[in-house]
Every structure is written in C-alpha cells, then in structure tokens.
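Observations on the three-dimensional arrangement
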Amino acid sequence: PSTNIQYALASKQFVSLKVFNSLGEEVETLVNEFQEAGVHSTLYNVNSTLPSGIYFYKLSAGEYNEVKKMLLLK
C-alpha cells in the first residue's frame, strides 16, 4: 500500500513530514529539508512490517503545523 501526500508552500521553508502510530511514536520521517515555494507531493510506500491500523502524519512548515489521520488496511 501507498499514499500520496500533497502540500503547497507560499515561500521557501524548512519542511518536516513525519508518520506516527496511534501511541504517538514516530514510525518514519518522509521529509526533513528546506523546500522551495510551490506545490510538493511525497509518495509514502508503507513499510511492510507495519500492522493495519490508524496512523497520523504531521506536516510542519515554518510556523504552520497540521496533523491528519490515515488508515492502513492490508
């Protein structure tokens, strides 16, 4: 399974995109770098050892922070 996470930046900023399990433990870091302004997308190929369940991803860019939920079904 995989998913595409898309986001837009108004200016060049440091971006962090991380995946967490339902206990709040970090599972994987997808992005951790400075990125230019514009639309970006990250393809997340799920690690085959992860069990089915609810996961969260956190997008941080400058002062902006957002957490969204995703469901992994195998």
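Given the structure is predicted, the values throughout are model-derived calculations rather than measurements.

Observations concerning the sheet that holds strand 3 (residues 26-35)
- The four strands are arranged 3-2-5-6 in an open sheet whose pairing can be described as antiparallel. Where the open sheet ends on each side, the last strands, each with one partner, are strand 3 and strand 6 (64-72). In this sheet, adjacent strand axes meet at a mean angle of 15° when their direction is disregarded.
- By the bridge criterion, nine bridges tie strand 5 (residues 53-61) to strand 6 in an arrangement that is antiparallel. Along strand 6, the bridge assignment pairs Tyr55 with Met70.

Examining the side chain of Ser16
- With respect to the helices and strands, the residue Ser16 is situated in strand 2 (residues 13-20).
- By relative accessible area, Ser16 is classed as buried at 12%.

Examining the packing of aromatic side chains
- Counting across every chain of the model gives one aromatic pair.
- Between the aromatic rings of Phe14 and Phe34, the centroid separation amounts to 5.3 Å while the plane-to-plane angle is 75°, which identifies the pairing as edge-to-face. Pair noted here: Phe14 is in strand 2 and Phe34 is in strand 3, with a separation of 20 residues, a long-range link.

Here is what the cut-offs are and how they apply
- Residues numbered from 1 in each chain as written.
- Predicted model: local features only at pLDDT ≥ 70, side-chain atom pairs only at ≥ 80, totals over all residues.
- Heavy atoms only, no water.
- Pairing = 2+ DSSP bridges.
- Helix = DSSP H or I, 4+ residues; strand = E, 2+ residues; numbered from the N terminus.
- Axes fitted to C-alpha atoms, helices over the stretch in contact; angles between N-to-C directions.
- Buried < 20%, exposed > 50% of the residue type's maximum accessible area, 1.4 Å probe, protein only.
- Phe/Tyr/Trp six-rings, centres within 6.5 Å; stacked < 30°, edge-to-face > 60°.

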